[in-house]
Amino acid sequence: MLATATSIMASDAADDVPCCWLCLEEGQSGKPLVRNCSCRGSTGFAHLSCIVDYAEYQGKQALVNDKLAESITKAFDICPNCEQEYQGLVEYELKKAAVDFAEKEFKDTSICVHAMKNRLVVLDAADEEDEQEGEEICTKILSIIEDLKKDDFAIRRWHIRDGYVNMETGAYGAIGIFYMRVGTEVSLKRAKTMLEKGRDLLRLMGDEMSVLVAEEAMKEVQAKINATHYDGPELDAARKYYGHCIQIQGASNLYTIAAGRKFAFSLFSTGCTIEAERLLHSLLETCRQTHGPDHEDTVATAVCLKAVRARKVILKCKDEVFKLLRCEDETCVLRGPLTDPEKMDNEGQTITVASSDIALHHRIATPVVCHGLVHREHLNGKIGDAREVDRDNRVCKVHFEEPGIEPAEIKYDNLRIVFELPPIEARPEHT
């Protein structure tokens with residue numbers, strides 16, 4: 001159901017055995033040390049039970065200080081050492097512990113709703129037990145909201161821009177996304193209803209960016225209902241949301257990284273392969289530096305970058321898609337044919353063909369560099385995305401990366417496929 005967390009028991013190491021940063025004891029059989037955040041080296045390890053005890057204590061302290069739901073459950077969500085969110089199995093277990101804590105200390109309050117909607121995010125909708133738990137949580141959340149609306153104190157605070165309305169919109173969004181992930185006909189209809197409710201409240205609040213996110217989720221739900229393909233957010237919407245995440249949460253925040261991956265997917269889908277590749281490379285470096293090479297978001301970003309950097313071509317004699325491995329003089333080395341993008345590295349056989357036997361992919365923009373142009377020498381050495389491919393005449397329109405250069409139709413003979421993008425400051429003027 002979930003990947004296991006990094007864990008260590010006392011017998012796992014001979015010399016410098018990490019200890020729990022809370023109780024200072026080592027891991028034991030049945031009570032290992034765990035760490036699934038962005039801590040590195042020997043830091044950040046703890047017993048799960050110790051983290052729960054610590055988080056409960058911090059939650060009670062937060063109640064005295066500011067009484068905000070986010071502050072009360074913060075220690076269940078974020079490691080205080082690296083100040084990054086927990087992930088994987090540790091996140092899964094702590095989100096459950098947060099619900100138990102909220103129900104024990106703050107039963108039927110907005111704090112419970114906050115903890116429950118966070119739990120919905122980590123549940124595996126394909127797992128029968130998790131789905132059942134999610135259904136129960138959705139019912140509880142909606143019941144709490146209805147009961148709060150009958151409370152005299154709460155009803156006086158239930159107005160636009162108040163925390164109670166934010167709680168309600170967040171709850172509708174979390175429930176909608178959970179039902180979308182369940183994916184049955186009944187659940188998709190519920191998802192649509194919940195997302196519409198949240199979207200309408202967000203409009204009243206004037207939160208246009210959140211409205212944009214809600215409407216993209218509604219499009220995805222509708223595509224599932226219609227059994228059609230969802231192409232992801234539109235390019236302008238994805239660009240705007242990514243910029244918003246950077247401004248509000250910072251470039252290294254995991255939500256920003258995820259928004260960046262979606263933006264890169266939109267770029268790639270609309271023929272902007274070079275921009276998508278550069279963005280993913282930047283996101284990957286940020287992930288590695290902030291969260292470490294083994295963090296799940298680092299791995300997910302690396303997978304996306306690998307997919308975008310794969311150069312796919314058409315072998316004309318078979319009219320099939322192959323992965324282009326390298327070019328050698330007048331020949332090309334290919335692997336394929338490709339039928340499953342997820343198995344691109346191991347699928348098919350490796351063959352060598354003449355360069356004239358391949359054509360650029362007509363649905364995927366391919367990074368190329370111009371060379372050998374006589375009448376347009378200023379384009380030699382310029383890099384761009386090859387789109388609008390005319391396979392019969394071996395011509396395509398190149399949309400150049402450098403600002404101010406208009407797209408131009410270039411023959412295949414004057415193009416080389418770019419496997420590794422050079423740094424922007426190191427791009428050659430000519431070849």
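Caption draft 1: Highlighting the overall build of the protein. Of the regular secondary structure elements, the protein holds 14 helices and 13 strands. The proportion of buried residues among the 431 residues of the protein is 45%. Sequence separation of 24 or more characterises 53% of the internal contacts of the protein that already satisfy a separation of 6 or more. Summed over all atoms, the accessible surface of the protein reaches about 22,700 Å², with 49% contributed by carbon and sulfur.

Caption draft 2: The arrangement of the pattern of salt bridges in detail. Applying the stated rule across the entire model yields 26 salt bridges. Of the charged contacts in the structure, one is a salt bridge between Arg199 and Glu215, with a shortest N-O distance of 3.7 Å. Taken together, the residues Arg199 in helix H9 (residues 185-205) and Glu215 in helix H10 (residues 208-225) connect sequence positions 16 residues apart. In this structure, the salt-bridge partner of Glu285 is Arg288, at a minimum N-O distance of 3.3 Å. In this pair, Glu285 and Arg288 are both assigned in helix H13 (residues 273-291), three residues apart and thus about one turn of the helix distant. The partly exposed category is assigned to Glu285, whose relative accessible area is 30%. Judged by its relative accessible area of 39%, Arg288 is partly exposed.

Caption draft 3: Layout of the side chain of Arg311. Relative to the helices and strands, Arg311 resides in the loop between helix H14 (296-309) and strand E4 (312-315). Look at Arg311 and you get buried, because its relative accessible area is 2%. In this structure the side chain of Arg311 is engaged in a polar contact, spanning 3.0 Å, whose partner is the side chain of Glu277. Among residues more than four places away in sequence, those in contact with Arg311 are Thr273, Glu277, Phe322, Lys323, Leu324, Pro367, Ile417, Val418 and Phe419.

Caption draft 4: View of empty space enclosed by the protein. Counted by the stated rule, this structure contains one cavity of 30 Å³ or more. Space inside the largest cavity adds up to approximately 40 Å³. The wall of the largest cavity is formed by Phe268, Thr273, Val308, Ala310, Arg311, Lys312, Ile364, Ala365, Thr366 and Pro367. Here the lining of the largest cavity is built from residues that sort into six nonpolar, two polar and two charged.

Caption draft 5: Highlighting the packing of H13 against H14. Here H13 crosses H14 at 155°, and the two axes come no closer than 9 Å. Looking at the two axes, H13 sits roughly antiparallel to H14. Remark: the crossing between H13 and H14 carries left-handed chirality. Here H13 contributes Thr273, Ala276, Glu277, Leu280, His281, Leu283, Leu284, Cys287, Arg288 and His291 to the contact with H14, which in turn contributes Asp297, Thr298, Thr301, Ala302, Cys304, Leu305, Val308 and Arg309.

Caption draft 6: Region of interest: the nonpolar core. Within the largest apolar cluster, 65 residues are counted, with the highest numbers of intra-cluster contacts made by Phe76, Tyr86, Met116, Leu120, Ile141, Ile175 and Phe178. When residues in this core are grouped by element, the largest group, ten residues, is from helix H8 (residues 163-182). Residues in contact with Phe76, not counting those within four places in the same chain, are Val52, Ala55, Glu56, Tyr86, Leu94, Ala97, Ala98 and Phe101. Among the nonpolar cores identified, the runner-up in size contains 27 residues, and Leu334, Ile351, Val398 and Ile410 belong to it.

Caption draft 7: Seen up close, the packing of aromatic side chains. Per the counting criterion, the structure on display carries five aromatic pairs. Summarising the aromatic geometry, the rings of Phe178 and Tyr179 are spaced 5.8 Å apart at their centres and angled 55° between planes, so their arrangement reads as tilted. Here Tyr179 falls in the buried class, since its relative accessible area comes to 7%. When the ring centre of Tyr92 is taken as origin, the NZ or CZ atom of Arg119, which lies over that ring, is 4.3 Å away.

Caption draft 8: Molecular detail of the sheet that holds strand E12 (residues 408-411). One open sheet accounts for five strands, arranged E12-E11-E10-E9-E13; its pairing is antiparallel. A single partner strand is all that each edge strand has here, and the edge strands are E12 and strand E13 (415-417). Averaged over all neighbouring strand pairs, the angle between strand axes comes to 50°, with direction disregarded. This element, H13, spans strand E9 (366-370) and strand E10 (383-390) of the sheet and lies at about 140° to E10.

Caption draft 9: Examining the environment of Pro422 more closely. By the element assignment, Pro422 lies in the segment after E13. Between the C-alpha atom of Pro422 and that of Ile383, which follows or precedes it by 39 residues, the distance is 9.5 Å.

Caption draft 10: View of the packing of H10 against helix H11 (residues 235-249). At a minimum axis separation of 11 Å, H10 and H11 run at an interaxial angle of 130°. Here H11 runs oblique to H10, going by the angle between their axes. You can see that H10 and H11 cross each other, and the crossing is left-handed. Residue-level contacts link Met209, Leu212, Val213 and Glu216 of H10 to Ala237, Lys240, Tyr241 and His244 of H11. Split into classes, the residues belonging to the contact of H10 with H11 amount to five nonpolar, one polar and two charged.

Caption draft 11: Spatial organisation of the layout of surface pockets. Taken as a whole, the second largest pocket holds about 490 Å³ of empty space. Around the second largest pocket sit 18 residues that line it, and Cys327, Ser355, Tyr412, Leu415 and Arg416 are the ones nearest its centre. If you list the elements that add at least two residues to the lining of the second largest pocket, you get strand E8 (358-360) and E13. Residue classes in the lining of the second largest pocket are distributed as ten nonpolar, three polar and five charged.

Criteria and thresholds
Residues numbered from 1 in each chain as written. Predicted model: local features only at pLDDT ≥ 70, side-chain atom pairs only at ≥ 80, totals over all residues. Heavy atoms only, no water. Helix = DSSP H or I, 4+ residues; strand = E, 2+ residues; numbered from the N terminus. Buried < 20%, exposed > 50% of the residue type's maximum accessible area, 1.4 Å probe, protein only. Contact = heavy atoms within 4.5 Å. Areas by Shrake-Rupley, 256 points an atom, 1.4 Å probe, with all protein chains shown as cover. Salt bridge = Lys/Arg side-chain N within 4 Å of Asp/Glu carboxyl O. Polar contact = N/O pair within 3.5 Å; in protein donor to acceptor, adjacent residues only side chain to side chain. 1 Å grid on protein atoms, 1.4 Å probe; cavity = no way out; pocket = protein on both sides within 12 Å on 5 of 7 lines; lining within 4 Å. Points joined across faces, edges and corners; volume = space filled by probe spheres on them. Nonpolar A, V, L, I, M, F, W, Y, C, P; charged D, E, K, R; others polar. Axes fitted to C-alpha atoms, helices over the stretch in contact; angles between N-to-C directions. Parallel < 35°, antiparallel > 145°, perpendicular 65-115°, else oblique. Left-handed = near helix turned anticlockwise from the far one by under 90°. Core = buried A, V, L, I, M, F, W, Y, C linked by side-chain atoms within 4.5 Å. Phe/Tyr/Trp six-rings, centres within 6.5 Å; stacked < 30°, edge-to-face > 60°. Lys NZ or Arg CZ within 6 Å of the ring centre and 35° of its normal. Pairing = 2+ DSSP bridges.

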